[in-house]
Amino acid sequence: MALSEQKLDWTTLQPHLTVFPTENKKIDFLDLQWRACSAIEQFLKNSHRSLLVLKADEQSEYASAVEKWVKSQQAPLQVSGVQYEVEQGDSFSFAQVNVQPAQSAQDNFASKKTIATALYFDHSSLFGSIRIHPSSHDIQLNAGLVHQLNNGVLILSVSQLLNHFDCWERLKHILMTKQFDWYSAHPFKALPCEIPSYPLHLKVILLGNREELATLNNLEPDLYHLADYSEIESYVSVEKEPQQQAWQQYVLSFAEQQQFSRLTPDGLDKLYQWLVRESESRVLINSSPLILNQILSGVSQLSSNKDVLSAVDFEQYFQQKSAQQGFLREQTYADIFYHQVYIDTENEVVGQINGLSVVEFTGTPMSFGEPSRISCIVQFGDGEVTDIERKNELAGNVHGKGMMIAENCLANILDMPSQLPFSASLVFEQSYGEIEGDSASLSAFLVLVSALSDLPIPQSIAVTGAIDQFGLVHSVGGVNDKIEGFFTICQGRGLTGKQGVIIPESCLYQLSLTDDVVSAVKNNQFFIWTVNDVFEACEILFDRPLVVDEQAEKEEKMTIAQLISKRIEQYAELHHAMPFWLKWFAKK
């Protein structure tokens, strides 16, 4: 592949919607959730199943949507349940409780509704209660939600169920036996009198996030023997044109329902671009009503045009939000500009490369990209490659794995023996926090190659990517933040037309860059290259092939592998010519 083909055109740096709605069709959130809707529909029809578990990240938002959808599928309320009649006792007798089928919805334990949601509840609100008057000792039976929803659907929060786990065993008993039995609320105190049981048919939908559902499943290993399962997905696919149109119609319907101004096509496009940044995918974006309400309310507040929300309004909101949350980012970049943290963006240096990382501060919602200077020193020795971050416990296991892969990948490509004939040390300079992830493995490979071959690396180019043992470059996260972080440093120092970043080609569908970056690429002031393997990355950085290309007719320059082999041979000759005492001293 030619280098010009690896260089991205500015038109590829921002995603765009390819179609726009041609009709004003009302679409709700659950209309985008075909899996969840299908599961709910089958659950309502199946008389043998009484429990449905739905993975839902935002229970309050999704519960109302589920309740509305279920209600649209249900038949009108019919009288069911019972009427309890209490004959109060006296000093010589116990109270008597009689039960008969309910005749009207006004009876005390008749069903009052077909569906209800309880995100917060306790034992008595769920299963009713027995009250005894303190002086007369009269008994009063109070219906709970399960009674009011006899032959109906109850939506419950898993988090609240975990807080009141004693409710789960009783609820499970009701669902399995289809009968309500009265129990004393106190384990060492009996009921004041015998209270008849009665048939109770109930369907329950549990909403919880993945961690909550995992906890419930651990406490109830048979959960999915009892329950059906599906997911309410916060992220929906917009890969195909009908999906794009459906998402846009949902956004327009939501804006109209919440009484926001109408979105223009370019406003929808700008919203889509921001959601791509958030999801890091051009084909899977967040459709959460909570997120959508947050954005539209913020854009509407800043918009000067009260009739429509355009791309200008969305851009203004995103820039204002970025500035509002950007103090730590600005201070981090200021440290680089004032040389408190040394990042070179102009020269060529052997054994030094600018990697790209994403910085996250605990307690803040914003993350941002920052270049990291990675250096490598090579000394011929016993083959050990020392990862200083890992050795000092400043890096996690995934980072350590990436560094080992970079070492083994180089040995495999150069066809060297299992023990490499050199020792090297790799370090993230001026890094004092914990490092995790394998996105620096491509940078580690390249800086190791530079140190071994004595070829300089242009510091105007930063690199990110994860590699495998065969040299293939794989996707990494946070690519938009990483590119923009390095671009900000280069822009602050002045764009030279030689600066840019190397990213994995598989990250192309993550790209949704700011207008400043797009403009700089368009004007050939900044460049973005994509690579599939380490061979292409070496071509860009060193302007020479890593190994001999059998398809090429003639190589004008020595390959990097040949340069490394030549250095090893020179060292071997020098090593053999050394006196014994000098060899011993060199090992030390």
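The rules we used
Residues numbered from 1 in each chain as written. Predicted model: local features only at pLDDT ≥ 70, side-chain atom pairs only at ≥ 80, totals over all residues. Heavy atoms only, no water. Helix = DSSP H or I, 4+ residues; strand = E, 2+ residues; numbered from the N terminus. Buried < 20%, exposed > 50% of the residue type's maximum accessible area, 1.4 Å probe, protein only. Areas by Shrake-Rupley, 256 points an atom, 1.4 Å probe, with all protein chains shown as cover. Salt bridge = Lys/Arg side-chain N within 4 Å of Asp/Glu carboxyl O. Expected span 1.5 Å × (residues − 1). Pairing = 2+ DSSP bridges. Axes fitted to C-alpha atoms, helices over the stretch in contact; angles between N-to-C directions. Contact = heavy atoms within 4.5 Å. Core = buried A, V, L, I, M, F, W, Y, C linked by side-chain atoms within 4.5 Å. Polar contact = N/O pair within 3.5 Å; in protein donor to acceptor, adjacent residues only side chain to side chain. Patch = residues over 30% accessible without salt bridge, like charges linked within 9 Å, V, L, I, M, F, W, Y side chains within 5 Å. Arc of directions from axis to C-beta.

A.B. asks: Can you break down the overall build of the chain residue by residue, with the values?
C.D. replies: When you go through the chain residue by residue, the secondary structure sums to 22 helices and 27 strands. A buried classification covers 49% of the 588 residues belonging to the chain. Just so you have it, the chain exposes about 29700 Å², and 50% of that area is on carbon and sulfur atoms.

A.B. asks: How would you explain unusual backbone geometry if you had to name every residue and give the values?
C.D. replies: Across residues other than glycine, the phi torsion is negative in most instances, and most of the peptide bonds are trans. Positive phi, close to 65 degrees, is recorded for N151, a residue that is not glycine. With respect to the secondary-structure elements, N151 resides in the loop between α5 (145-148) and β8 (152-157). Residue classification places N151 among the exposed residues on the basis of a relative accessible area of 51%. Despite not being glycine, K178 has its phi angle at roughly 55 degrees, a positive value. Looking at the secondary structure, you find K178 in the loop between α7 (166-177) and β9 (179-180).

A.B. asks: Before we move on, can you summarise the pattern of salt bridges with the specific residues and values?
C.D. replies: On inspection of all chains with the given rule, the structure shows 13 salt bridges. K26 is the salt-bridge partner of E256, the closest N and O atoms lying 2.1 Å from each other. Note that E256 is positioned in helix α10 (residues 241-257) and K26 in the loop between α1 (3-6) and α2 (34-45), a separation of 230 residues in sequence. Taking the relative accessible area as the measure of exposure, K26 reaches 48% and is therefore partly exposed. Between E41 and K45 there is a salt bridge whose closest N-O contact spans 3.3 Å. One end of the pair, E41, and the other, K45, are both in helix α2, four residues apart, so they sit about a helical turn from each other. E41 sits in the partly exposed class, given a relative accessible area of 31%. In this structure K45 comes out as exposed when scored by relative accessible area, which is 59%.

A.B. asks: For helix α11 (residues 265-279), give the residues involved together with the corresponding values.
C.D. replies: With 15 residues, α11 should cover 21 Å at 1.5 Å per step; its first-to-last C-alpha distance of 21 Å lies within 8% of that length. Among the residues of α11, those classed as buried are G267, L268, D269, K270, L271, Y272, Q273, L275, V276 and S279.

A.B. asks: Tell me what's going on with the sheet that holds strand β5 (residues 115-118), and back it up with residues and numbers.
C.D. replies: One key point about sheets: their strands pair by backbone hydrogen bonds, in either a parallel or an antiparallel sense. Taking strand neighbours across the sheet as the criterion, the five strands line up as β5-β8-β11-β1-β12 in an open arrangement whose pairing is parallel. Two strands lie at the open edges of the sheet, namely β5 and β12 (228-231), each paired on one side alone. Mean inter-strand twist for the sheet, computed between neighbouring axes without regard to direction, equals 20 degrees. Relative to strand β11 (residues 202-208), strand β1 (residues 51-55) runs parallel, the two sharing five bridges. When the sheet's bridge partners are listed, L54 is paired in β11 with L207. Seen against the sheet, α7 touches β1, β8 and β11 and runs at an angle of roughly 140 degrees to β11.

A.B. asks: I'd like to hear about the nonpolar core, residue by residue, with values.
C.D. replies: Counting residues in hydrophobic clusters, the biggest one holds 49 residues, and the most contacted among them are I205 and W247. With residues near it in sequence (within four places) discarded, W247 still touches L17, L32, V236, V238, L268, L271, Y272, L275, I285 and N286. Residues I374, V378, L414 and L455 belong to the second largest nonpolar core, which totals 47 residues.

A.B. asks: I'd like to hear about the side chain of Q59, residue by residue, with values.
C.D. replies: Its location among the elements puts Q59 in helix α3 (residues 59-73). Engagement of the side chain of Q59 in a polar contact is seen with the side chain of S157, the distance being 2.6 Å.

A.B. asks: Please give an account of a nonpolar patch on the surface that cites residues and values.
C.D. replies: A cluster of nonpolar side chains, namely F327, L328 and F361, defines an oily patch on the protein surface of about 270 Å² accessible area. Along the chain, F361 turns up in the loop between β18 (352-360) and β19 (367-379).

A.B. asks: Lay out α2 in plain terms, naming residues and giving numbers.
C.D. replies: The first and last C-alpha atoms of α2 sit 17 Å apart over twelve residues, in line with the 16 Å expected at 1.5 Å per residue. Among all positions in α2, only A36, C37, A39, I40 and F43 are buried. Looking straight down α2, one finds its buried side chains confined to an arc of 165 degrees; they lie on one side. Exposed side chains of α2 directed beyond 90 degrees from the buried face belong to W34 and K45. Contact partners of the buried residues in α2: β1, α3, β11 and β12.

A.B. asks: Lay out the sheet that holds strand β4 (residues 109-110) in plain terms, naming residues and giving numbers.
C.D. replies: An order of β3-β2-β4 is seen for the three strands of this open sheet, with the pairing classed as antiparallel. The open sheet has two edge strands, β3 (96-101) and β4, and neither has a second partner. Note: strand β2 (residues 81-87) against β3, six bridges, orientation antiparallel. For V86, the partnering residue across the bridge sits in β3 and is V97.

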